[in-house]
Amino acid sequence: MNQPEISYQYYTEKYRPQYHFTPEVNWMNDPNGMVFYEGEYHLFYQYHPNGTTWGPMHWGHAVSKDLVHWEHLPIGLEPDENGMIFSGSAVVDRNDTSGFFNGQSGLVAIFTHADTYPNSERPRQRQSIAYSHDQGRSWKKYEGNPVLSDEEITDFRDPKVFWHKETNRWIMVIAAGQSVRFYTSSNLIDWEFASEFGEEHGSHQGVWECPDLFELSIDGDHRKKKWVLFLSIGDDPSFEEGSRTQYFIGDFDGKTFTNLNSPDKTLWVDRGRDNYAGVSWSDLPVDDHRRIYLGWMSNWRYANVTPTKEWRSSMTIPRSLSLASTNVGLRLRQSPVKELESIRQESIILKKKVIKENENLLKELKSNTFEIIAEFEVGNIDEFGIKVCQSENEETTIGYNVETKKMFIDRKMSGDVNFHKSFAGKHEAELEPKGNKIKFHLFVDCSSVEVFGNDGELVMTDLIFPDSSSNKLTLYSIGGEVNLNSLEFYMLKSTWEYSR
Ligand code: FRU
């Protein structure tokens, strides 16, 4: 087993993100059990404590008071006689509906136990619960586990549970083959089937995993809401994108989800390659109207072979979700949580500049951990954008092609790209200028790029593995000049300090 680095080298290894969540050592995948309770955001995660590739799954655990600085805690849940601990969720049982808390409140985790059927190789996935009396520091598995099983479905996993006040019931949404199922419960122990959704809806280019269902406000108006269903689809070698996450918008009455869009419409959460299994935090304070989520910043296509040594995988930055009306209907919007502003350090502000070919307004800068907010005026040119993590041999380009109206991340020359044949590439998607403007809100953190185009209308998340000496930046234009209305650059501070 890998041991944590000692203090003065803490979180300084090659490619180590400085303000994203990563485990100290070893393998991580999906975020799990995300819940806010008594002043703390909990983040559990799929964790293999004995290696840097996927293996017997545990729930790793960390807490944060601000979504930015995380404290690592001992493993939350370990495999037992019912199998490994796959993905799932956690809720605050405020009124002790479960009877686990003597009339008080406490945390209940709902997760998938994964093993195989007796004397068989056939995978068996059953749902179990555990509860905690001490703010998630220790967990007791319910003695009646599993609480929900179905022999007919092989892929039956990743329960996400929430309290539905209109029907006074707990709702579970869970992946079941090529659909999701909804179950209801009054006590988190006894579950009743309510309905199924998904056959013939959206994308089925992979196994359905990690659903989440929540309500979002429309255009910032808390009185107007719709339900959003997040649904991740696993890697299938016949499709070039690998694993990714789609979403549906609709209505939910406590039993049935109705898709607002036509069944053949597929909506994607992120058009980069590395944002998977994202789910949202439960039980945010009542006066915080946000719905915040983060995803696993990797792709099953190559997740096991990315070139890090001590640990493997990172989460995305936490993002706040909303819905916006557009001329093609309601669409998801994502924005980085405002708490991230607390790690801004040195800044540079540019206003009303002209980006000329072969002249770089950022030539004085060097950084691998920064944030940029840049607004461009789309003119009659071919392309413009920002190159980051740049040296003579390496660069990652975040750009906009004026003719195709596509924003892109090009990581073909981003650094180490040879560990998997699907890694190098250019990822692009359409983004309509808004009043002739294109805005990039960009986060770079040693081995990742996250771009929010036009206030989170289009989001792209990509891993990169540049050398740490590739730390230059270039503002560029091709085929003419482009007007830069404004640019804010912030160096971002590391959020990791050795503290034991
Ligand atoms: C998604 C997933 C889940 C499963 C977990 C296992 O990435 O495949 O469906 O619960 O990972 O680690």
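Residues numbered from 1 in each chain as written. Predicted model: local features only at pLDDT ≥ 70, side-chain atom pairs only at ≥ 80, totals over all residues. Heavy atoms only, no water.

1. A closer look at the overall build of the chain
Right, on to step 1. The secondary structure content of the chain amounts to zero helices and 33 strands.
Right, on to step 2. Taking the principal axes of its C-alpha atoms as reference, the chain extends roughly 70 × 55 × 45 Å.
Right, on to step 3. The buried share of the chain, reckoned over its 500 residues, is 61%.
Right, on to step 4. Taking the intrachain contacts of the chain between residues at least 6 apart in sequence as the baseline, contacts between residues at least 24 apart amount to 61%.
Right, on to step 5. When the accessible surface of the chain is totalled, it reaches about 20,300 Å², and 44% of it is carbon and sulfur.
Right, on to step 6. When the 53 basic and 75 acidic side-chain charges of the chain are each reduced to a single mean position, those positions are 4 Å apart. (Helix = DSSP H or I, 4+ residues; strand = E, 2+ residues; numbered from the N terminus. Buried < 20%, exposed > 50% of the residue type's maximum accessible area, 1.4 Å probe, protein only. Contact = heavy atoms within 4.5 Å. Areas by Shrake-Rupley, 256 points an atom, 1.4 Å probe, with all protein chains shown as cover. Lys, Arg positive; Asp, Glu negative; His and termini not counted. Charge placed at Lys NZ, Arg CZ, Asp CG, Glu CD.)

2. Re the domain arrangement of the chain
Right, on to step 1. For the chain, the assigned domains are domain 1 (26-336) and domain 2 (341-492).
Right, on to step 2. Using C-alpha coordinates to define each centre, domain 1 is positioned 31 Å away from domain 2.
Right, on to step 3. Tallying the contact residues gives 25 residues for domain 1 and 25 residues for domain 2.
Right, on to step 4. Summed over both sides, the interface between domain 1 and domain 2 buries roughly 2,100 Å², with carbon and sulfur atoms accounting for 64% of that surface.
Right, on to step 5. In this structure, the connection of domain 1 to domain 2 is made through three salt bridges. (Domains from an automatic or database assignment. Buried area = accessible area lost by both parts, 1.4 Å probe. Salt bridge = Lys/Arg side-chain N within 4 Å of Asp/Glu carboxyl O.)

3. Structural notes on the site of the ligand
Right, on to step 1. Residues in close proximity to the ligand total 13 residues, the closest being Asp30, Gln46, Arg157, Asp158 and Glu209.
Right, on to step 2. Within the side chain of Asp30, one N or O atom sits 2.7 Å away from an oxygen atom of the ligand.
Right, on to step 3. Taking Trp54, its side chain carries an N or O atom lying 2.9 Å from an oxygen atom of the ligand.
Right, on to step 4. Relative to its free-state accessible area of 320 Å², the ligand is covered by the protein chains to the extent of 96%.
Right, on to step 5. Taken together, the elements giving at least two residues each to the shell around the ligand come down to β1 (26-37), β5 (84-93), β9 (156-164) and β13 (208-218).
Right, on to step 6. A breakdown of the residues in the shell around the ligand according to their chemical character gives six nonpolar, three polar and four charged. (Near = heavy atom within 4 Å. Polar contact = N/O pair within 3.5 Å; in protein donor to acceptor, adjacent residues only side chain to side chain. Nonpolar A, V, L, I, M, F, W, Y, C, P; charged D, E, K, R; others polar.)

4. Points about a negative patch on the surface
Right, on to step 1. A surface patch of negative charge is lined by Glu357, Glu359, Asp382, Glu403 and Glu481.
Right, on to step 2. With respect to the helices, strands and loops of the structure, Glu357 is situated in the loop between β23 (344-355) and β24 (369-377). (Patch = residues over 30% accessible without salt bridge, like charges linked within 9 Å, V, L, I, M, F, W, Y side chains within 5 Å.)

5. Some thoughts on the pairing of strand β10 (residues 169-176)
Right, on to step 1. With seven of eight residues buried, β10 lies mostly within the body of the structure.
Right, on to step 2. Linkage of β9 to β10, two consecutive antiparallel strands, is achieved through a turn of four residues, within which Asn168 is found at a positive phi near 55°.
Right, on to step 3. When β10 meets strand β11 (residues 179-185), the two strands line up antiparallel, connected through seven bridges. By the bridge assignment, Ala176 is partnered in β11 with Ser179.
Right, on to step 4. Taking the residues between adjacent antiparallel strands as the criterion, β10 and β11 are bridged by two residues, where Gly177 takes a positive phi near 65°. (Pairing = 2+ DSSP bridges.)

6. Digging into the side chain of Ser320
Right, on to step 1. Relative to the helices and strands, Ser320 resides in strand β21 (residues 319-326).
Right, on to step 2. When near neighbours in sequence (up to four residues on either side) are disregarded, Ser320 contacts Arg290, Arg291, Ile292, Arg333, Gln334, Ser335 and Val337.

7. Some points on the packing of aromatic side chains
Each aromatic ring pair is characterised by the separation of its centres together with the angle its planes make.
Right, on to step 1. Taken as a whole, this structure holds 45 aromatic pairs when the rule is applied.
Right, on to step 2. With centroids separated by 6.2 Å and ring planes inclined at 85°, the aromatic side chains of Phe100 and Phe101 adopt a geometry described as edge-to-face. The same class applies to Phe100 as to Phe101, namely buried.
Right, on to step 3. Clustering of aromatic rings is evident, with ring pairs tying together Tyr10, Tyr11, Phe21, Phe36, Tyr41, Tyr45, Tyr47, Trp70, Trp281 and Trp496.
Right, on to step 4. When the ring centre of Tyr476 is taken as reference, the NZ or CZ atom of Lys387 above it lies at 4.6 Å.
Right, on to step 5. The lysine or arginine in question, Arg411, covers the ring of Phe423, its NZ or CZ lying 3.7 Å from the ring centre. (Phe/Tyr/Trp six-rings, centres within 6.5 Å; stacked < 30°, edge-to-face > 60°. Lys NZ or Arg CZ within 6 Å of the ring centre and 35° of its normal.)

8. Overview of the sheet that holds β23
Right, on to step 1. Overall, antiparallel pairing links the six strands, which are arranged β23-β33-β24-β29-β30-β31 in an open sheet. With one partner strand each, in any of the chains shown, β23 and β31 (458-463) form the two edges of the open sheet. Neighbour-to-neighbour, the strand axes of this sheet turn through a mean angle of 10°, independent of strand direction.
Right, on to step 2. As paired elements, β24 and strand β29 (residues 437-445) share nine bridges and run antiparallel to each other. Within β29, the residue paired with Glu371 across the bridge is Phe443. (Axes fitted to C-alpha atoms, helices over the stretch in contact; angles between N-to-C directions.)

9. What about the nonpolar core?
Right, on to step 1. One finds Phe21, Leu43, Trp70, Trp281, Met315 and Leu340 to be the most contacted residues of the largest nonpolar core, which totals 41 residues.
Right, on to step 2. At the level of elements, β1, β2 (40-48), β18 (276-280), β19 (292-296) and β33 (482-492) are the ones that each hand at least two residues to this core.
Right, on to step 3. Each of domain 1 (26-336) and domain 2 (341-492) accounts for three or more of the residues forming this core.
Right, on to step 4. Apart from the residues within four sequence positions on either side, Leu43 is in contact with Phe21, Pro31, Asn32, Met34, Gly60, His61, Ala62, Trp70, Trp281, Leu294 and Met315.
Right, on to step 5. One finds Leu350, Ile372, Phe376 and Met491 within the second-largest nonpolar core, a separate group that totals 37 residues. (Core = buried A, V, L, I, M, F, W, Y, C linked by side-chain atoms within 4.5 Å.)

10. Observations concerning the pattern of salt bridges
Right, on to step 1. The final tally for this structure, using the stated rule, is 30 salt bridges.
Right, on to step 2. Across the salt bridge formed by Arg333 and Glu457, the nearest N and O atoms sit 3.9 Å from each other. Of this pair, Arg333 sits in strand β22 (residues 329-336) while Glu457 sits in the loop between β30 (448-453) and β31, and the two are 124 residues apart along the sequence.
Right, on to step 3. Where Asp455 meets Lys439, a salt bridge forms, and the shortest distance between an N and an O atom there is 3.0 Å. Taken together, the residues Asp455 in the loop between β30 and β31 and Lys439 in strand β29 connect sequence positions 16 residues apart.
Right, on to step 4. A relative accessible area of 48% means that Asp455 is categorised as partly exposed.
Right, on to step 5. Overall, the relative accessible area of 25% leaves Lys439 in the partly exposed class.
Right, on to step 6. Among the charged side chains, a network of salt bridges with common partners joins Asp155, Arg157, Asp158 and Glu209.

11. Structural notes on the side chain of Ser203
Right, on to step 1. Following the sequence through the fold, Ser203 ends up in the loop between β12 (192-197) and β13.
Right, on to step 2. At 3.3 Å, the side chain of Ser203 and the backbone nitrogen of Gln205 are in polar contact.
Right, on to step 3. If we skip the residues at most four places from it in the chain, Ser203 touches Trp208, Ile233, Gln246, Thr266 and Trp268.

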